[in-house]
Structure formats: C-alpha cells, structure tokens
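Results of the structural survey
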Amino acid sequence: MAKALVFGGGNIGRGFLGVLLSQSGYQVTFVDVDRRRVDLLNQHRGYPVFVCAETGITEEVVSGIQAMHVEDEERLVDAVCEADVIMTAVGKLALQSVAKPIALGLVERARRRPRDQAHIVVIACENVRDNTAYLAEFIWQAIDPDLRSRVRDLVSFPNCIVDRIVPNASSQSDHPLATVVEDYFQFVIDGSQLQAEFPAISGVEISSNVSARLDQKLFTLNMAHGIVGYYGLLRGYQYVHEAILDHEIQELVTGALEEVEEVVVATHPGISRLEQGTYASKIVDRFRNSHLQDRLSRVASQPRRKLGANERLVRPACILSDAGRAPVYLATGIAAGFHFQDAGDAQARELTLAIAERGVAPVMAEVSGLAPEHPVARAVKADFLLRAL
C-alpha cells in the first residue's frame, strides 16, 4: 500500500488531505505538535467526516490512519524514507518548523533507497502564494550544502492550489476527531515543477498555468470570503450563509467580483470572461450552504495578513487602479477590513489599537504598502472615516 505523510492533523489535514489520500488507497500518517490529537488519532485509527452539500449532509469515514508527534525524530525520519508523498497543512507560519524533520528524512532517504526508487513529491497545501517553494527554501537551508546535490534530483516541490471550505463547526457526532467539510474541493498541482510522474491521487489536477489559477482563486474566492466576513460582522451576523443573503452585502460582493473579473481577464488571457463569471457565481453559491455553519469570525480572521500588499484585496485594487479604473467596491472592502474588531483575534486587536493611536492612513501604509496619496489609499480612507462617524 502506498504511504502518505501529512504534517498537520487539524481540520484541513483531516477533512481535506486525509480524506483524499484515504480514498485514493494511501496509508495515511499524520504528524502533529498536539500530543492529545496524536493520541486520539492513534487511539481511534480513524474519524468521521460530514460532507455538507446544499441538499444535505452525508457521512464518510476515514480509517486505518496513524499519527506521530513532530518531535519523534527517529520515527519521523523513517516515515519520510518510506513515504510516497508528503503534504503539509500547518499554516505558513509553521512551515519553517516542519522543514527540519523533512530535510533530515530526505537526506536519509537518499542514503537508504536506490536512486530509481527514491523520488518523492513534497507539497505545502497552504493558502499562500508559492506555498511549496516557500517550504522548500527552509528545507534546503536545513540540508548541509555538501549533501544537497544528493537530494536535489530525488524530490519535487510543486506549488499547488487547495480549496475546500473546512469550518470550525460542530458535527452530528460526539467523536473527538469528527470534521465538517463542504462537498466541493479543488486541488491543482503545478506540473512544470515535477521531476517524475505525480502519485495517483483522485481529484488532483495537474496544470501548467497554476499562477493564473492562483490569482483567480485569491482575487475571487479569498477576496469574497474576506469581505463577506467583514460586512457580515458589521451587520451583526454570525455565519457566512446569513451574510450572503443580505441584499446590501450581496450588492457589495457583486460589485467587488465585477472589479476582480476585469483584473483577472486582463492579466490572464487564458481565463475568459465567461469562465471567470461562472467561477465567481459558483463561489457565491458555495457561501449559501447553510449546512456548513461557517462562522464569519473565521473568514475575517488575521486581517493584517489579508490586508497585505500582495493579498486578496489590495493587489487587485491596485492593478485595477493602475489600469485607470477606480476600484470602488474593493476599496470599500479594504476599509471594512480595517474596521474588523475581534477580541479573540490578535491581529485584529493590534490593528484596532494602532488605528486608534495613529489613524488609518499610516497604519494602511504599514500593513498594505499604500502611501497616503495613492488613489486606493485615499478611497479606503474616505470609506473608513465615513463608517467611523
């Protein structure tokens, strides 16, 4: 049986990667920092997954899994040596910490296995641009320069696009590892970065145009998710499906999606206006799925990261502005992001305090890279101040 090593046994690891790999016939081993979670995974050897479609909820069961702690170095090196594919679902900030054990395992793998059986694919399934390339930098740094040549030809580091809504929602089960997911998913691998045939995993798409597809996802899905969160919370809603049914929020989201459509079709000729419009409509339909119980606080979280210069709102707004069109709806979304307040979100608390002390313009310059005189910054500031009245 083929073996998969998944760093991160949280909701994404279990609800997306674990399901996909198990359905494809892999023996899945999770690696996690949470000892209680590791113990639960080893105790139960599986978990239920509740798949939510608009028409209802179905239950799937993932079985035959095992887990180990990330500090169990000896077992982890053996697991890397034996794996057929390695994936992560730990978040960007944790990638540096998982790079070292992967590096140690890759060096040992090159020593133990015949070269014609040693190739492996490592994929960082994180919701950031150049996700696997980012992980690969840390892995190469952790490998002695004299040993890198032995490893380089034996591993592929393809960037990817991963998309599946996995909310922090309660399930119909009292199982401690039960996970709730939507029925839709997307998993796209950059084929240009593969040095060998990609392992057989059902539902995975190999593409030569990942950059365009990533911009499409970031500017459309991630952008819309963010502003639905900001607007919904300002309106007093709790869940995504509630907010998207609000007529005024719908208008604001539609306006932003129309602006993004101009950006996507202009910057990526391979994506037609019809394709982009269909993609955007599908996303709005996904937001209406009431079975997911997806909290607005989740999709609005980490505002400092999401309001960054190369992120889902600011980047398309600047591209549109540079093309001579005012990004009025995107600017309003950015302003709503700077209004986001959540006592349980460290980034939100930090931004709220900074704006109260220094004003929105200097904070926007720091967080979003927008100089006060930039047309987008001026529009955002005006919208922000109006809301603050």
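**Description of helix α16 (residues 360-368)**
For α16, the full list of buried residues reads Val360, Ala361, Val363, Met364, Val367 and Ser368. The arc enclosing the buried residues of α16, seen along the axis, measures out at 160°, which places them on a common side. Where α16 is buried, its residues contact α12 (303-306), α13 (314-322), α14 (328-339), α15 (346-358) and α17 (375-388). Count one or two residues on from α16 and you reach glycine 369, which has phi positive near 70°.

**A closer look at the nonpolar core**
Of all hydrophobic cores here, the largest spans 55 residues; its most connected members are Met223, Ile334 and Phe338. Counting residues per element, this core draws most heavily on helix α7 (residues 210-235), which supplies 10 residues. Those residues in contact with isoleucine 334 that lie beyond four places of it in its chain are Leu307, Leu313, Val314, Ala317, Val376 and Val380. Membership of the second largest hydrophobic core comes to 35 residues, among which are Leu21, Val49, Ile189 and Ile201.

**Observations regarding the pattern of salt bridges**
All told, the structure shown has 23 salt bridges when counted by the stated rule. In this structure, the salt-bridge partner of arginine 129 is aspartate 215, at a minimum N-O distance of 2.6 Å. Here the residue arginine 129 occupies a position in the loop between β7 (120-124) and α5 (131-142), and aspartate 215 occupies one in helix α7, the gap between them amounting to 86 residues. Residue aspartate 215 is classed as buried on the basis of its relative accessible area, which comes to 5%. The partner of glutamate 248 in a salt bridge is arginine 235, and the shortest N-O contact between them spans 2.2 Å. Of the two residues, glutamate 248 is situated in helix α9 (residues 247-267) and arginine 235 in helix α7; the sequence distance between them amounts to 13 residues. Owing to a relative accessible area of 47%, glutamate 248 belongs among the partly exposed residues under this scheme. Here arginine 235 falls in the partly exposed class, since its relative accessible area comes to 44%. Overlapping salt bridges bring together Asp78, Glu108, Arg111 and Arg112 as one network.

**Some points on the side chain of asparagine 131**
Within the element layout of this structure, asparagine 131 appears in helix α5. Residue classification places asparagine 131 among the buried positions, given a relative accessible area of 1%.

**Examining unusual backbone geometry**
The phi angle of most residues is negative, glycine excepted, and most peptide bonds adopt the trans form. The residue arginine 45 is not glycine, and still its phi comes out positive at about 60°. The topology assignment puts arginine 45 in the loop between α2 (35-44) and β3 (46-53). A relative accessible area of 37% means that arginine 45 is categorised as partly exposed.

**Section: the packing of helix α4 (residues 95-112) against α5**
Their axes nearest at 8 Å, the elements α4 and α5 cross at an angle of 60°. By the criterion of interaxial angle, the relationship of α4 to α5 is oblique. Considering the relative orientation of α4 and α5, their crossing is right-handed. Between α4 and α5, the contacting residues are Leu95, Gln96, Val98, Ala99, Lys100, Ile102, Ala103 and Leu106 on the first element and Asn131, Tyr134, Leu135, Phe138, Ile139 and Ala142 on the second. A class-by-class count of the residues in the contact of α4 with α5 yields 11 nonpolar, two polar and one charged.

About the cut-offs
- Residues numbered from 1 in each chain as written.
- Predicted model: local features only at pLDDT ≥ 70, side-chain atom pairs only at ≥ 80, totals over all residues.
- Heavy atoms only, no water.
- Buried < 20%, exposed > 50% of the residue type's maximum accessible area, 1.4 Å probe, protein only.
- Helix = DSSP H or I, 4+ residues; strand = E, 2+ residues; numbered from the N terminus.
- Arc of directions from axis to C-beta.
- Contact = heavy atoms within 4.5 Å.
- Core = buried A, V, L, I, M, F, W, Y, C linked by side-chain atoms within 4.5 Å.
- Salt bridge = Lys/Arg side-chain N within 4 Å of Asp/Glu carboxyl O.
- Axes fitted to C-alpha atoms, helices over the stretch in contact; angles between N-to-C directions.
- Parallel < 35°, antiparallel > 145°, perpendicular 65-115°, else oblique.
- Left-handed = near helix turned anticlockwise from the far one by under 90°.
- Nonpolar A, V, L, I, M, F, W, Y, C, P; charged D, E, K, R; others polar.

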